[in-house]
Amino acid sequence: MRVGLLVVGWLVVAGLGLVALLRLVAWDSAELLIVLDALTLVVYLPAWVVAAGALIARRWRLAAAAAVIIAAQLTFALPELLAAAPVPAWARHAPVVRVFDANIDKSLRFEAGYVRAIEADRPDLLTFEEFTPPALQSMTASGVLASFPYRCAAPAYGATGFLIASRLRLTGCQVRTVWWEGQWTPYMVEATLWSPGGPVDLRLVHTLAPLPAYWREWSAALAAVGRSVRASGDSRMLMAGDFNATWGNSGFVALLHDGLTDGAAARGEATDMTWPNGAVVPPFVRIDHVLTGERLAVTEIAAKPGFGSDHRYLLATVAIRTRPL
């Protein structure tokens, strides 16, 4: 049994060592690597178990090898875990917008739970992904949209539908697409939100999950999101949605390098996971995000249980700076 456990320990260390090496030399270059990189906060955890067991058994070489894997994980994960910062002083007296974002999982009916949550949370802005025509019909019938007269509606069957609904004026709505498998696939909706703090460049994002049939489309869509940020500037940007990506993925990190701030990480909520929701296992990955430019700041954010969806929904308060930087 001891020999068997030792062999298993070395296999775990060798496998995770390969994952870490590929993160360094081939970051997100294949579908499996994208998924493993997205799970940086959890995929290396077996190395901690191996390290503890090796120390107890006095298998020093194995313990040292496992420690290298742990060091690699910390190197990858610490930028996100240490991103927490105080809410900017200017945000305490700035006008705010409350954002309600949810991937409703291709629902053919807008779940009553969301209606109750919207009525209780009283957001100013609703953003939905995987929004279908039947969901729009049932949402309209519920009456909850009556308080949101400004809308960018782009429902679709499958996973590519969107809805933005706002109490505040919206203009310039455009659906952005990428060419994939012989068709144009929506990945983002752009609009201008006329907030109490002035105009805000609003982006609602949904890149398809990086499954074997879609991972190249996922990469293309994330790259296109980045080009949108660089083309329009990021200072008044508010971006929300299901990115199907984390700080472990190169395309998402590129958005942060372009000047956007991850609202949950900034508020110390890096481990407030959003997927899966209502499953046998607890949520273990954060793929739904609210990002802001330098003239905006998330002051509060929380992931809450979704309704009939595999995603938790996000409720965020976003402050908008009115004075010059």
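Cut-offs and rules
- Chains are numbered independently. Their residues run from 1 in the order of the written sequence.
- Predicted model: local features are reported for residues with pLDDT of at least 70 only, side-chain atom pairs are reported and counted for 80 or more only, and whole-chain, interface and lining totals are derived from all residues.
- Side-chain metrics in this entry use all non-hydrogen atoms of the structure; hydrogen atoms and water are not considered.
- Going along the chain from the N terminus, every DSSP run of H or I of four or more residues is numbered as a helix, and every run of E of two or more is numbered as a strand.
- In a helix, the anticipated span is given by 1.5 Å times the number of residues less one.
- The contact rule is simple, with two residues in contact once any of their heavy atoms fall within 4.5 Å.
- In this scheme, a residue with accessible area under 20% of its type's maximum is buried, one over 50% is exposed, and one in between is partly exposed, where area comes from a 1.4 Å probe on protein chains only.
- DSSP bridges decide pairing: two strands pair if at least two such bridges lie between them.
- Under this scheme, a helix contributes an axis fitted over its contacting stretch, all axes are lines through C-alpha atoms, and angles between N-to-C directions fall in the 0 to 180 degree range.

**Considering helix H4 (residues 45-57)**
Thought 1: With 13 residues, H4 ought to run about 18 Å at 1.5 Å a step, and its terminal C-alpha atoms sit 19 Å apart, in line with that.
Thought 2: Where H4 is buried, its residues contact helix H1 (2-25) and helix H5 (60-81).
Thought 3: A positive backbone phi angle near 60 degrees is found at Arg-58, which sits one or two residues after H4.

**What to know about the side chain of Thr-292**
Thought 1: Structurally, Thr-292 is set in strand S10 (residues 288-292).
Thought 2: Relative accessible area serves as the criterion here: at 2%, Thr-292 is assigned to the buried category.
Thought 3: Beyond its immediate stretch of four places on either side in the chain, Thr-292 contacts Met-237, Leu-238, Gly-259, Leu-260, Thr-261, Ala-297, Val-298 and Val-318.

**Topic: the sheet that holds strand S1 (residues 96-103)**
Thought 1: The 6 strands are arranged S3-S4-S2-S1-S12-S11 in an open sheet whose pairing can be described as mixed. Looking at the sheet topology across the chains shown, the edges are occupied by strand S3 (150-154) and strand S11 (296-304). Going from strand to strand, the sheet's axes swing by 15 degrees on average, the running direction of each strand aside.
Thought 2: Strand direction decides the pairing type here: S11 and strand S12 (residues 313-320), joined by 8 bridges, are antiparallel. Within the sheet, the bridge partner assigned to Leu-296 lies in S12 and is Ile-320.
Thought 3: Of the strands in this sheet, S1, strand S2 (125-129), S11 and S12 are in contact with helix H6 (residues 112-121), which crosses S1 at around 170 degrees.

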